[in-house]
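Fold and contact review
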Amino acid sequence: MTLADHETIFTIEATPVKFGPGAAREAGWELARLGVRRAFVVVDPHVRSCGVADPVLESLRASGADLMEWDDVETEPGLDALNRAVRAAREANADGFVALGGGSAIDTAKVANLLATHGGEIMDYVNPPVGGGRKPPGPLRPLLAIPTTSGSGSEATTVAILDLPHLGIKTGISHRALRPTQALVDPELTRTAPGAVVAAAGLDVVCHAAESFLSRPYTSRPRPASADERPPYQGSNPVADLWSAQAIRYGGEYLRRAVEGGDDVEARGFMMLGATMAGVGFGSAGVHIPHACAYPLAGRRHVYRHPGYPGEKVFVPHGFSVIVTAPAAFRFTFDAAPARHLQAASFLTGEEYDPDDREALPRALTALMRDVGAPSGIRELGYDEADIPALVDGAMKQQRLLAVAPKMPSADDLARIFLESLRNW
């Protein structure tokens, strides 16, 4: 590939964000500003039962809009749960959407909005080769996203994730049209979030940001044949780097505190802000090996249940499925960009490292995982050596992600990453 064939353009897009304690109480004002008169409101049932949703719903009602409230939200939603939301959204005939909850609620609203606006079936839009890769033909209806966890970042991303147990993987729908129209990021809403939820979401923030910062440079990618073919994940670039770097710093400084209790609104607030920033960063640069490995880890086997998670569903929280392979993945990619790997480790810990210390980032991530109660590795999630070929097969299906890695892994490389990730300590 000659220099003339290389990409020369990157794009940065961001959801408008209103941040700070009390921001969610302006939900009604924002809904009216968006011109929404009939809103389909997706509410996490745990958020509703804790009373967290009450003042937000009161504000929405005060806007004068008719609300169709939907709380049949599944944590880490599968196809059936999303299809129920789609049917309800179509029947509601709303002119706007609101999502109040964690990443699962926001992703549910994104998918419901997509299908209610443009029709079709969910698998039509799922990323290939798993789904059809259909692109929305135009904008979606306004979506007001109000996160209640200090982590997922879905309020700032172009992605909706879904679980496909019948295929043994998780995957997603990715398109710029899915990005929420407005986000209200209010640290007060995180007070009742369990520590395990904060830990998983926060580790996802750190991993999002590190993968984005360490993705291949956008100039190393081939130039697309047309603007329409430029992928959402384009590789590291100077602007995404700024967002990602700060999100890593916030993770190192605040995640341990945020997990300890809901009264530390400062720490949980900075993790929420870090999640939004990481979402902007990886929405341009992309995520790669840890996320590609996470999808089969979460989708192939449903036997793990973290004791600190609410509800009865047996599943691997997304942040845990991502982080367990991150130390081995970044050990593998170190040679592609040693200085950047050391920089990422320094963002996380505030320490300086020797220029050949390939263990700096894996060591820093492992320490953070242990301190916040993450699983020690994939064995704790229910996998052993015999499962590695199937996990590799699932990860190799995530070519959209692997294409952004600074060092493209082979199947044998992924097998080694999974093997090293059986236990991180």
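Residues numbered from 1 in each chain as written. Predicted model: local features only at pLDDT ≥ 70, side-chain atom pairs only at ≥ 80, totals over all residues. Heavy atoms only, no water.

Following the criterion strictly, the structure yields two cavities of 30 Å³ or more and no others. Counted as a void, the largest cavity has a volume near 50 Å³. Every residue lining the largest cavity is listed: Asn-127, Pro-128, Pro-129, Val-130, Thr-171, Lys-397, Gln-398, Gln-399, Arg-400 and Leu-401. Residue composition of the lining of the largest cavity, grouped by class: four nonpolar, four polar and two charged. Its volume calculated, the second largest cavity comes out at about 40 Å³. Pro-147, Thr-149, Ser-150, Gly-151, Ser-152, Gly-153, Glu-155, Val-185, Met-272 and Ala-275 together form the lining of the second largest cavity. (1 Å grid on protein atoms, 1.4 Å probe; cavity = no way out; pocket = protein on both sides within 12 Å on 5 of 7 lines; lining within 4 Å. Points joined across faces, edges and corners; volume = space filled by probe spheres on them. Nonpolar A, V, L, I, M, F, W, Y, C, P; charged D, E, K, R; others polar.)

Time to look at the environment of Arg-87. If you trace the backbone, Arg-87 turns up in helix α4 (residues 79–92). Looking at Arg-87, the relative accessible area reads 48%, which means it is partly exposed. Between the C-alpha atom of Arg-87 and that of Ala-112, which follows or precedes it by 25 residues, the distance is 8.0 Å. (Helix = DSSP H or I, 4+ residues; strand = E, 2+ residues; numbered from the N terminus. Buried < 20%, exposed > 50% of the residue type's maximum accessible area, 1.4 Å probe, protein only.)

Attention shifts here to a nonpolar patch on the surface. A surface patch of nonpolar side chains, amounting to about 330 Å² of accessible area, comprises Ile-12, Val-239, Leu-242 and Trp-243. Along the chain, Leu-242 falls in helix α8 (residues 238–260). (Patch = residues over 30% accessible without salt bridge, like charges linked within 9 Å, V, L, I, M, F, W, Y side chains within 5 Å. Areas by Shrake-Rupley, 256 points an atom, 1.4 Å probe, with all protein chains shown as cover. Salt bridge = Lys/Arg side-chain N within 4 Å of Asp/Glu carboxyl O.)

Let us now look at the sheet that holds strand β2 (residues 38–43). In sheet architecture, strand pairing relies on hydrogen bonds along the backbone and comes in two forms, parallel and antiparallel. Across the sheet, which stays open at both edges, the six strands sit in the order β1-β8-β5-β4-β2-β3 with parallel pairing between neighbours. Taken across any chain shown, the strands that pair with only one partner, and hence form the sheet edges, are β1 (17–19) and β3 (66–70). Between one strand axis and the next, the sheet turns by 15° as a mean value, whatever way the strands run. Here β2 pairs with strand β4 (residues 96–101) via five bridges, running parallel. Pairing of Ala-39 across the sheet is with Gly-96, part of β4. The strands touched by α4 are β2, β3 and β4; relative to β2, the strand with the most contacts, the crossing angle is about 160°. With respect to the sheet, helix α5 (residues 103–118) is in contact with β2, β4 and β5 (143–147), its orientation differing from that of β4 by roughly 165°. (Pairing = 2+ DSSP bridges. Axes fitted to C-alpha atoms, helices over the stretch in contact; angles between N-to-C directions. Contact = heavy atoms within 4.5 Å.)

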